[in-house]
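Per-entry structural report
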Amino acid sequence: MSLVSMNAFLPQAKEKKFAVGQFNMNNLEFAQAIMEAAIELKSPFIYGVSEGALKYMGIEYTVAIAEAAAKASGLPIALHLDHGSSFEVAMKCIRAGFSSVMFDGSHHSFEENIRLTKEVVKAARAMGVSVEGELGTIGGVEDDISVDEKNANLAKPSEAIRFYEETGVDCLAIAVGTAHGMYAGEPNIRFDIIEEVSRAIPVPVVLHGGSGVPDEMIRRAVQVGVGKINVNTENQVACTDAIRAALAKDSKVYDPRKYLGPARTAMVEVVKSKILLFGSNNQA
Ligand SMILES: [Zn+2]
């Protein structure tokens, strides 16, 4: 199977009330772990790639790895640019083989965000590529982008609805109180905002900062209209913890496979638990 756009599974997710996981890819082991978990649970999924990860892995390797996973697994897999910062970077990814892009214009004014997102949607749609937009600013740290929690602006439902109507995005990330990275306490998620927006638009709402959100909150968010959930930090923590443990156990180890193998296994478990929590198992 070739890579697919998010429209291969997001409409079903919205209709049947499950969410598809976006699991970020940081290297080969991440890609393999995510695929292995999804094969076992017969789940569609999204490989998220930030601009920082793209720089780290190289665009050709990134696309080749995702295409290999789609071919080997036979699963509907989207390769998605995470938080694309410009029209140019989105087009570069599409030309290289990405099947989906996020354009994050949330740091622009509302009108400018609509104008820029519309341009990306127009170009992407012509090539069968899906687009995620963002409204409101999500707190926390992702790559080099750091947003103070106090400056994280929640999305206004009326604006989110107008944003959808004018841009025609395939899913919409709205700031509802989650944050990138790990939480110090419990997040305060505004389920009322998710519900109001989701009722008014035909596409799913996207929840960023899914790592560390209590399971009950995730289930409730999916019930009120979240159809895509981004997870990165929890896999990064599982990966690094497993490497630390392997190195601590054997100070003479030098073969990377001896510590990257356990790291991969640890990430398979994280991804499996998320797929079951999101309810996307047996939806491929
Ligand atoms: Zn994000």
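Quick look at the structure, then. Computed from a prediction, not measured in an experiment: that's the story for all the values here.

Basis of the calculations
Residues numbered from 1 in each chain as written. Predicted model: local features only at pLDDT ≥ 70, side-chain atom pairs only at ≥ 80, totals over all residues. Helix = DSSP H or I, 4+ residues; strand = E, 2+ residues; numbered from the N terminus. Rg over C-alpha atoms; globule rule 2.2 N^0.38 Å. Buried ≥ 20, exposed ≤ 12 C-beta atoms within 10 Å, placed from the backbone. Core = buried A, V, L, I, M, F, W, Y, C linked by C-beta atoms within 7 Å. Contact = placed C-beta atoms within 7 Å. Pairing = 2+ DSSP bridges. Arc of directions from axis to C-beta. Axes fitted to C-alpha atoms, helices over the stretch in contact; angles between N-to-C directions. Parallel < 35°, antiparallel > 145°, perpendicular 65-115°, else oblique. Left-handed = near helix turned anticlockwise from the far one by under 90°. Nonpolar A, V, L, I, M, F, W, Y, C, P; charged D, E, K, R; others polar.

1. Describing the overall build of the protein chain
Along its length, the protein chain carries 11 helices and 11 strands. A compact globule built from 284 residues would reach a C-alpha radius of gyration of about 19 Å, and the protein chain, at 18 Å, matches this within 12%. Based on the C-alpha atoms only, the size of the protein chain along its principal axes is roughly 60 × 40 × 35 Å. Across the 284 residues of the protein chain, 50% fall into the buried class.

2. Quick notes on the nonpolar core
As a rule of thumb, soluble globular proteins bury nonpolar side chains together. With 85 residues, the main nonpolar core has I34, Y47, I77, V101, L172, I174 and M267 as its most contacted residues. When residues of this core are assigned to their parent elements, the largest contribution, 8 residues, is made by helix α11 (residues 256-278). The contacts of I77, once residues within four sequence positions are left out, are L3, V4, F45, Y47, A66, A69 and A70.

3. A closer look at the environment of Q32
Along the chain, Q32 falls in helix α2 (residues 28-41). Separated by 226 residues in sequence, Q32 and K258 place their C-alpha atoms 16 Å apart.

4. Considerations on the pairing of strand β8 (residues 171-174)
Of the two faces of β8, the one holding C171 and A173 and the one holding L172 and I174 are both buried throughout. Pairing geometry for strand β5 (residues 130-135) and β8, over 4 bridges, is parallel. Bridge pairing links E134 to A173 in β8. Bridge count for β8 against strand β10 (residues 205-207) is 2 bridges, and the pairing is parallel. The residue of β10 that forms the bridge with L172 is V205.

5. As for unusual backbone geometry
Negative phi values dominate among residues other than glycine, just as trans dominates among peptide bonds. Positive phi is not limited to glycine here, since K17 has a value of about 55°. Turning to its location among the elements, K17 is positioned in the loop between α1 (10-16) and β1 (20-24). Classification of K17 by C-beta neighbours within 10 Å gives partly exposed; the count is 15. A positive phi angle is found at K42, which is not glycine, with a value near 50°. Tracing the chain through its elements places K42 in the loop between α2 and β2 (45-50).

6. Topic: the environment of Y254
Structurally, Y254 can be placed in the loop between α10 (233-249) and α11. The exposed category is assigned to Y254, around which 7 C-beta atoms lie within 10 Å. Spatially, the C-alpha atom of Y254 lies 52 Å from that of Y164, the residues being 90 residues apart in sequence.

7. Remarks on helix α8 (residues 191-200)
Listing the buried residues of α8 in full gives I193, I194, V197 and S198. The buried residues of α8 all sit within an arc of 120° when viewed along its axis, so they share a single face. α8 presents D192 and R199 as exposed residues on the side facing more than 90 degrees away from its buried surface. Where α8 is buried, its residues contact α7 (157-167), β8, β10, α9 (215-223) and β11 (226-231).

8. Digging into the packing of α7 against α8
Running from amino to carboxyl end, α7 crosses α8 at an angle of 30°, the nearest separation of the two axes being 9 Å. On the basis of their axis angle, the class for α7 and α8 is roughly parallel. Crossing geometry of α7 relative to α8 is assigned as right-handed. Contact residues: P157, A160 and I161 in α7; I193, E196, V197 and A200 in α8. Among the residues making up the contact of α7 with α8, the classes are represented as 6 nonpolar, no polar and 1 charged.

9. Quick word on the packing of helix α5 (residues 87-96) against helix α6 (residues 110-126)
Where α5 meets α6, the closest approach of the two axes is 10 Å, and the angle between their N-to-C directions is 15°. Classified by the angle their axes make, α5 and α6 are roughly parallel. Here α5 and α6 pass one another in a crossing that is right-handed. Contacts from F87, A90, M91 and I94 of α5 reach α6 at L116, E119, V120, A123 and A124. Grouping the constituent residues of the contact of α5 with α6 by class yields 8 nonpolar, no polar and 1 charged.

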